[in-house]
Every structure is written in C-alpha cells, then in structure tokens.
Amino acid sequence: MNNFTFYNPVKILFGKGQIAAIANEIPEDARVLITYGGGSIKKNGVYEQVMNALKGRSVTEFGGIEPNPQYETLMKAVSQAKSEQIDFVLAVGGGSVIDGTKFIVAAMEFEGEEPWDILSKKTPVTKAVPFGTVLTLPATGSEMNSGSVITRAETKEKFSFGSPYTFPKFSILDPETAFTLPQRQISNGVVDAFTHVLEQYLTYPVNAPLQDRMAEAILITLKEEGPKVIQNPQDYDAMANFMWCATMALNGVIRVGVPTDWATHYIGHELTALHGIDHARTLAIVLPSLLRYKLESKKEKLLQYGERVWGVDAGTEDERIEATMQATIAFFESLDIKTKLRDYEVGQDTIKEIVKRFEERGVKNLGERADIQVQDVEQILTMSL
Ligand code: NZQ
Ligand code: ZN
C-alpha cells in the first residue's frame, strides 16, 4: 500500500427529517445566504423545510445556479454575498449547486486579480467563507469532498479546483429530498458514482485489499440499488443506500493508499464544456474506450473487477475481460445511458477540437501511470465514435 494522508472534516447528518437540525450547525448570529439551482427545491418542499429550520435567523437567497455551474452566474452571487456581508452559505441542491457554492465562498475571500485564476491558473485558495449543504441529488460526492468543477460559458471551459478550505462544515443527507428526481438524474447519479469508484479502483494492484473490497462493495451496492431507485424513486431504503454509496464513492476513503486514474473525468469534462452533455454521460462515453485502450496495464484489476462485481470467472483472460467490458456497458445502457459519441451527435470535429485544446493547454501524463498523452486521448475518443 502507498503512503497516504487522510483528512475529511465534513460532518454528515443522514436520514429523514435531518434538515430540521441545520439550525444547530450554523452559528446563531450568522448572516446566511442560501444558494440553490433552477427551482426544484421550491417544488418539492425542501426550500420550505430549510426556511422553517432557519426561522428567526438572518437569511437571504441566491437562486439560478445552473447544472454545470457557470462562473458568470457565480460571480453575481459573490457580489451579492459581499454586499450583504454574508458569513455563512448554505447550498441546497445537487452537485452543481454545491460546487458553485464552493467557488462562491472561495471567491468571496480571494485577494488576487480575478477569481477565475483559482480555476485556470490553479491559484491556491487560502481562505473561504464557511458553508454547509443540503444534498438533493446523490451523484457527485461533492457534499463530502473539497472539490468543485466550474464552467466559463464565454469560453466553453470547464475546470476544477479543490482546497482544504472548501470542505462543507456539514452536509444533510435526507434521502426523502431526492424522491422527486427525474429518472435521467438518477441514472446520471448511479453512473457518476460508479465511475468515481472505477477511477480509483481499476488501476493496478498495490496490495490494498481493504480499499479494493470497499470499492467493490460500493460497486455491487450501486448495481443492486440503482435499478430499484429508478423503478421507484420513493423507495426510502433504496434511495438511502444509493445516497450513501454516492457519498462514499468520492469522499476520499477508497482513494487512500492506492493509485488513481481520473483520465475519464478529465476528458469527459471537455465533452460537457463543448456540447453540454450531462457529466455522467460523458463518463459513459469515455470509460469503456479508455479501459479497452489501457487493457494491458489494467489487466489484473479488470479481471478482479469482473470476477468480484460481475461474477465473470470462466474463459481465457481475454474472454473474461471482454465479458466484463460488456457487463459494464450493458449496465450503463440498462440505465438508459448511451455510451457512444454518435449517440450524442458528436463526431470527429469534436475530437480534433479537444486535441487542439489539450495541446494548447500542455496536457500530458494522464492516468494512474501518467502515460496517457494527447495522441492517446485522440485514439480513446476515436474508439468512442
Ligand atoms: O437546478 P434544480 O432546479 O435544482 O434542478 C436540478 C438540475 O436540473 C435537478 N435536481 C436536483 N435535485 C433534484 C432535482 N430535480 C428534482 N428533484 C431533486 N431532488 O437535477 C439537475 C441536475 O443537477 P446537478 O446538480 O447539475 O447534477 P449533479 O449532482 O449530477 O452535478 C453535476 C455537476 O457536478 C460536477 C459535474 O462536473 C457537474 O458540473 N462534479 C462534481 C464533483 C465534485 N465536486 O466532487 C465530481 C464529479 O465528478 C463531477 O465532476
Ligand atoms: Zn464524476
């Protein structure tokens, strides 16, 4: 096992009715800004529950954070928050609202020239306004990590940042808040969480059986519970299991001491930036080709994954790997997530554009062995056509 440092200070309040507890988590004299998305929380009672919990407190709001949150929108929130002297932000929504809020709290305290530098130049965040979250969409794990992905609409760029200052102080995970999710978002969530695990697991063995088995446990649970949630989004137990899987998939626990890949995410972000394809769908497009392209160097883990997660234990190594690939693709497709670029009307031009961007940006050494270069990205995307 590799050396590691593990730090995760996020307090989780899980289960039915937990929104009522937020008052205990936010300082009584705080000037609170509630951030949210396009309005789902106003239709499903979550907004009302939050407002009730904060009755008598100083509360203002900023709505309209879009999926794949935009810098331009978030900067409006920053100026509102500064003029209102906000000292605590509460994000209520999915990954986009939470990621957007991480950027808002960092940008509020940013002392450099332009907060975009946090994303484009990776200027380190050295302080941030404290924030908490009420999660309404299990998918990204953003509720229990310090990462954030932000889009600049003007330039169609999508970049990530993270810092020890952008961990939520607390996150409320009430599965009932997710009962109103449309099927598309549930499918996205299952595939996003599943891919988060694979990016930290399908690398090469370093004799870390606990991390492996924890990763496999999340994959198997997602495989079992995901379809149940799609069948009935109001199945509390299934939603609770799915929600906890998604959080555990990207809160740092399974990453410790093992190599991680993340090339699928890195490439996928370009497809969202250029074409607005849902994040999870970009992963379903890139991952199968990337696994095939890197088959030799991922062989041992692919065989282990096939056997332990999909029960593939017969045939030659090549046959088992192929069966494992097929099982993974079939799982995505069974959730109504297509896995080819052509399914999204994306072709060769986009591949050329991504290659150009990566060359300009000097992208190199992606993947767990730092051996994926721009020409490899081109080939991987070509396999996904
Ligand atoms: O905006 P509203 O009206 O709230 O509607 C949202 C949105 O349209 C809706 N929704 C959320 N909760 C709902 C609901 N609709 C009905 N009932 C509910 N309970 O769902 C739509 C999508 O929401 P969004 O937040 O965009 O989805 P998701 O949670 O999948 O987040 C995706 C974003 O997270 C980033 C992605 O790149 C993307 O920008 N990621 C963040 C990560 C992180 N911070 O660690 C890691 C991920 O790999 C990912 O990159
Ligand atoms: Zn993801």
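Residues numbered from 1 in each chain as written. Chains lettered and ligands numbered in written order. Predicted model: local features only at pLDDT ≥ 70, side-chain atom pairs only at ≥ 80, totals over all residues. Heavy atoms only, no water.

1. Some thoughts on the domain arrangement of the protein
Logical step 1: Here the domain parsing of the protein yields domain 1 (11-177) and domain 2 (183-383).
Logical step 2: Averaged C-alpha coordinates put domain 1 and domain 2 at centres separated by 26 Å.
Logical step 3: With 25 residues of domain 1 at the contact, the number on the domain 2 side is 22 residues.
Logical step 4: Taking both partners together, domain 1 and domain 2 bury about 2,000 Å²; carbon and sulfur atoms supply 66% of that area.
Logical step 5: One can count zero salt bridges joining domain 1 with domain 2.
Logical step 6: On the surface where domain 1 and domain 2 come into contact, there are five residue pairs in polar contact (both at pLDDT 80 or more).
Logical step 7: Among the secondary structure elements, those contributing two or more residues to the side of domain 1 that touches domain 2 are β1 (11-14) and β7 (157-162).
Logical step 8: Classifying every residue of the side of domain 1 that touches domain 2 by side-chain character gives 11 nonpolar, seven polar and seven charged. (Domains from an automatic or database assignment. Contact = heavy atoms within 4.5 Å. Buried area = accessible area lost by both parts, 1.4 Å probe. Salt bridge = Lys/Arg side-chain N within 4 Å of Asp/Glu carboxyl O. Polar contact = N/O pair within 3.5 Å; in protein donor to acceptor, adjacent residues only side chain to side chain. Helix = DSSP H or I, 4+ residues; strand = E, 2+ residues; numbered from the N terminus. Nonpolar A, V, L, I, M, F, W, Y, C, P; charged D, E, K, R; others polar.)

2. Concerning a nonpolar patch on the surface
Logical step 1: On the surface, a nonpolar cluster with roughly 320 Å² of combined accessible area is contributed by Met-1, Phe-4 and Phe-6.
Logical step 2: Looking at the element boundaries, Phe-6 is found in the segment before β1.
Logical step 3: Exposure remark for Phe-6: the relative accessible area of 39% places this residue in the partly exposed category. (Patch = residues over 30% accessible without salt bridge, like charges linked within 9 Å, V, L, I, M, F, W, Y side chains within 5 Å. Areas by Shrake-Rupley, 256 points an atom, 1.4 Å probe, with all protein chains shown as cover. Buried < 20%, exposed > 50% of the residue type's maximum accessible area, 1.4 Å probe, protein only.)

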